[in-house]
Amino acid sequence: MKKPAIDWDGKKKINLALQGGGAHGAFTWGVLDHILEDGRLDVEAITGASAGAMNAVVYAEGYLEGGREGARRHLTNFWKAVSDAGSLSGGRSSAFDEFFKPFGFDKSPMYFWMDALTHYASPYEFNPLNVNPLRELLEKAIDFKKVRACDQLKLFISATNVHTGKIAIFERKDLRVEHVLASACLPMVFQAVEIDGAPHWDGGYMGNPPLFPLFYESASPDVLVVQINPVERLETPKTAAEIQNRLNEITFNGALLREYRAVEFVQRLVDEGKLGAPEYKRPIMHRIDGAEPMKAFSAASKLDASWDSIVAMRDIGRAAARLWLHDHFADVGVKDTLDLRAAFS
């Protein structure tokens, strides 16, 4: 049996791939928080899209400033800032909260109004000044100069080039606020983000999260995917909202499932001796799957930045990471714990 790569201090190296999903990224925060608290995994590289990209850059800045505890502290502060920015200022907040509460977030008048607006008008029409509150939040919460200086960690953020339809990967040494805005740019909500003269949309369309940078740029063969968008739903969507939500889930999982298929093909060729070192590294795949425990939260709750909801998702993520480490830490560096063929077939 293959022996895992263990550092002198008993830790194992691993790469993380963080999926996007709006406020559901708080589940990923919980996963990261417990991994950092547990202390047995050393993260060599992270890829991320959308909310996964935000978690990744906040992790990097915090780790540079204060190691594991610094990363935990920065992630907590970031998600608190997300919640604060998502609430109304002043006395109106409690009044609006009380008005929407009986409906549930995905049944509130505001949710239906925003949904209708984005279906019948583009952000170039209803937001001609291109006001993006996410920019201010990211600029206040993240020091990108420090992120670029964090050479202890490889970082890859995905976006979608609107002109070419291809994936764009941005590395840590180049990261600016525009790259994270591009990775989280839903085209019906925000105007495309221009980078080097090209418009970019959400990274989830072409890489949610991207896996291939980890195979080329990281020495560790182990990849842990934190997946929060459900691949399977056994009920048939029938309302317009249910159909749209399911289409979004399928779209934002499509690129990942294609990469799963490609990785499984390479694994099979390596295992059969048809490919080998040094040209080919045999990836070892793992997954913490938030789809099942997160089913209590509707797709519309991806827009719900209330602190109670965010903390609940964080706690579910912490519990999922705790269970995965209990069951599979010994497998890191040794064998797959994710059946890729079952995941994509």
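In the block above lies the structure referred to throughout.
Source: prediction; values computed, not measured. (Residues numbered from 1 in each chain as written. Predicted model: local features only at pLDDT ≥ 70, side-chain atom pairs only at ≥ 80, totals over all residues. Heavy atoms only, no water.)

Draft legend 1. Representation of the packing of aromatic side chains within the structure. Enumeration over the complete set of coordinates arrives at five aromatic pairs. Here Trp29 and Trp307 contribute two aromatic rings whose centre-to-centre distance is 6.1 Å and whose plane-to-plane angle is 35 degrees, an arrangement assigned as tilted. Of this pair, Trp29 sits in helix H1 (residues 25–38) while Trp307 sits in helix H11 (residues 307–328), placing them 278 residues apart in sequence. A residue is classified by how much of its surface remains accessible, and Trp29, at 0% relative accessible area, is buried. According to the relative accessible area criterion, Trp307 is partly exposed, its value standing at 27%. Aromatic pair Phe78 and Trp79: ring centres 5.7 Å apart, planes at 85 degrees, arrangement edge-to-face. Each member of the pair, Phe78 as well as Trp79, is classed as buried. One aromatic cluster in this structure is built from Trp29, Phe78, Trp79 and Trp307. (Phe/Tyr/Trp six-rings, centres within 6.5 Å; stacked < 30°, edge-to-face > 60°. Helix = DSSP H or I, 4+ residues; strand = E, 2+ residues; numbered from the N terminus. Buried < 20%, exposed > 50% of the residue type's maximum accessible area, 1.4 Å probe, protein only.)

Draft legend 2. Broad picture of the environment of Gly39. Its location among the elements puts Gly39 in the loop between H1 and strand S2 (41–49). When the C-alpha positions of Gly39 and Lys12 are compared, they lie 9.6 Å apart, and in sequence the two are 27 residues distant. Each residue touching Gly39, except ones within four places of it in the same chain, is listed here: Lys11 and Arg68. (Contact = heavy atoms within 4.5 Å.)

Draft legend 3. Here's a closer look at the pattern of salt bridges. This model, assessed by the stated rule, comprises 26 salt bridges. Note that Glu69 is salt-bridged to Arg72, the shortest N-O span being 3.4 Å. One end of the pair, Glu69, and the other, Arg72, are both in helix H2 (residues 51–86), three residues apart, so they sit about a helical turn from each other. What makes Glu69 partly exposed here is its relative accessible area of 45%. Judged by relative accessible area, Arg72 falls into the buried class, the value being 17%. Across the pair Lys80 and Asp84 runs a salt bridge, and its minimum N-O distance is 2.9 Å. Placement of both Lys80 and Asp84 in helix H2 is noted, with a separation of four residues, approximately one turn of the helix. Lys80 sits in the partly exposed class, given a relative accessible area of 34%. (Salt bridge = Lys/Arg side-chain N within 4 Å of Asp/Glu carboxyl O.)

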